[in-house]
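Listed below, chain by chain, are the residues.
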Amino acid sequence: MIPKNAAVTVTDVLNYHQKQGHFNIAKRSFSAISLRLNTNGKYIWSNKTLSFKPPSICVIPAGVSYERISFEDDVLVIHFNFLNCIMENIEVYKISDAEKYRRLFVKALKIRLENSSGVQYRENSVLYEILGELSRDFGLLNTKKNYIAESAEYMKQNFFNPVLSIDGLAKRANVSPAQYRRKFRQLYRESPKQYLDS
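Residues numbered from 1 in each chain as written. Predicted model: local features only at pLDDT ≥ 70, side-chain atom pairs only at ≥ 80, totals over all residues. Heavy atoms only, no water.

For this particular structure, what's the right way to read the environment of lysine 19?
Position of lysine 19 relative to the elements: it lies in the loop between strand S1 (8-18) and strand S2 (21-25). Once the C-alpha coordinates of lysine 19 and serine 135 are considered, the two residues, 116 residues apart in sequence, prove to be 30 Å apart. In contact with lysine 19, other than residues within four places in its own chain, are Ser70, Phe71 and Glu72. (Helix = DSSP H or I, 4+ residues; strand = E, 2+ residues; numbered from the N terminus. Contact = heavy atoms within 4.5 Å.)

Put into structure tokens, the structure is as follows:
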């Protein structure tokens, strides 16, 4: 999860056309948050795999080498540094209001292109807006929802385990099976089965 009270500083804002392919990305000294509006794909790192479907926001922490398999897409991305915390895992958020996030990413890009005084502060402000919207939309600072996200990661990693069940996942998340299904759908906008099938 994106750390609570994260302090960030933007280093670059880009809009680029990504070609279809399988890419190996070496460890980088900065983190990235990208808006993917048109393509499916997946990230593979540290024996983990995480798929994404449009529209999605993807967060890649600094220091993680990974593979990305994706189709052709126009991507808006903000490179940044965490100043007071560390993330270790790639995260993907399937968003429902793509236009809200597109406006924020475009706002950051326009600020970068202005190249006037105060750019750094205004870019940072937009990144905080994006993180705030993610927090609001996905309850990133809500403990129960964090447990749901952790159990979803566990589910992906243990997909072939024959004893994997909603009851067991709910127990891991410290909620009832009915609450688990409801909170899972709130967080991921799909059922646990749909999530696994994606």
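Now that the structure has been shown, we can carry on.
I'm lost on the pairing of strand S5 (residues 48-52) in this one. Help?
Taken residue by residue, a regular strand's side chains alternate between the two faces of the sheet. Alternating positions in S5 separate cleanly, Lys48, Leu50 and Phe52 being buried on one face and Thr49 and Ser51 remaining unburied on the opposite face. Where strand S4 (residues 41-45) lies against S5, five bridges are found, and the strand directions are antiparallel. Note that in S5 the partner of isoleucine 44 across the bridge is threonine 49. (Buried < 20%, exposed > 50% of the residue type's maximum accessible area, 1.4 Å probe, protein only. Pairing = 2+ DSSP bridges.)

Which parts of the structure should I look at to understand helix H5 (residues 177-188)?
Residues spaced three or four apart along an α-helix point in a common direction, a consequence of the helix completing one turn every 3.6 residues. Over its twelve residues, H5 runs 16 Å from end to end, which matches the ideal 16 Å to within 8%, given 1.5 Å per residue. Burial in H5 covers these residues: Tyr180, Lys183, Phe184, Leu187 and Tyr188. All buried residues of H5 project into a common sector of 110° when viewed along the axis, lining one side. Note on H5: the residue one or two positions beyond its end, arginine 189, has a positive phi of about 60°. (Expected span 1.5 Å × (residues − 1). Arc of directions from axis to C-beta.)

Any chance you could explain the nonpolar core here in plain terms?
A general trend in soluble globular proteins is that nonpolar side chains are found buried together. With 54 residues, the main nonpolar core has Ile33, Tyr43, Ile78, Ile130, Leu134 and Tyr180 as its most contacted residues. Here the element with the most residues in this core is helix H2 (residues 119-138); it accounts for seven residues. Beyond its immediate stretch of four places on either side in the chain, tyrosine 180 contacts Ile148, Ser151, Ala152, Met155, Ile166, Leu169, Ala170, Ala173, Val175 and Pro192. (Core = buried A, V, L, I, M, F, W, Y, C linked by side-chain atoms within 4.5 Å.)

What is the right way to read the packing of helix H1 (residues 98-114) against H2 from this model?
Each pair of packed helices can be described by the angle between their axes along with the distance between the axes. Between H1 and H2, the least distance of the axes is 9 Å, while the angle of their chain directions is 170°. Considered as vectors, H1 and H2 are oriented roughly antiparallel to each other. In contact with Lys100, Tyr101, Leu104, Phe105, Lys107, Ala108, Ile111, Arg112 and Glu114 of H1, H2 contributes Val119, Arg122, Glu123, Val126, Glu129, Ile130, Glu133, Leu134 and Asp137. Residue composition of the contact of H1 with H2, grouped by class: nine nonpolar, no polar and nine charged. (Axes fitted to C-alpha atoms, helices over the stretch in contact; angles between N-to-C directions. Parallel < 35°, antiparallel > 145°, perpendicular 65-115°, else oblique. Nonpolar A, V, L, I, M, F, W, Y, C, P; charged D, E, K, R; others polar.)

Just checking my understanding: could you explain the sheet that holds S5 for this structure?
In any sheet, the strands associate via hydrogen bonds between backbone groups, in a parallel or an antiparallel arrangement. If you trace the four strands from one edge of the open sheet to the other, you get S2-S7-S4-S5, paired in antiparallel fashion. Every other strand in the sheet has two partners, leaving S2 and S5 as the edge strands with one partner each. Shown here is a sheet whose adjacent strand axes are inclined to one another by a mean of 15°, direction ignored. Relative to strand S7 (residues 66-70), S4 is paired through four bridges, and the arrangement is antiparallel. Following the sheet pairing, isoleucine 44 is matched in S7 by glutamate 67.

What am I meant to see in the sheet that holds strand S3 (residues 31-36) here?
Ordered by their spatial adjacency, five strands build an open sheet running S1-S8-S3-S6-S9, and the pairing between neighbours is antiparallel. Of all strands in the sheet, those with a lone pairing partner are S1 and strand S9 (91-94), marking the two edges. Averaged over all adjacent pairs, the angle separating strand axes in this sheet is 15°, with direction ignored. Judged from the five bridges that link them, S3 and strand S6 (residues 56-60) form a sheet pairing that is antiparallel. Its bridge partner being in S6, alanine 32 is matched across the sheet by isoleucine 60. Across the sheet, H1 is in contact with S1, S3, S6 and strand S8 (73-82); its angle to S1 comes to roughly 105°.

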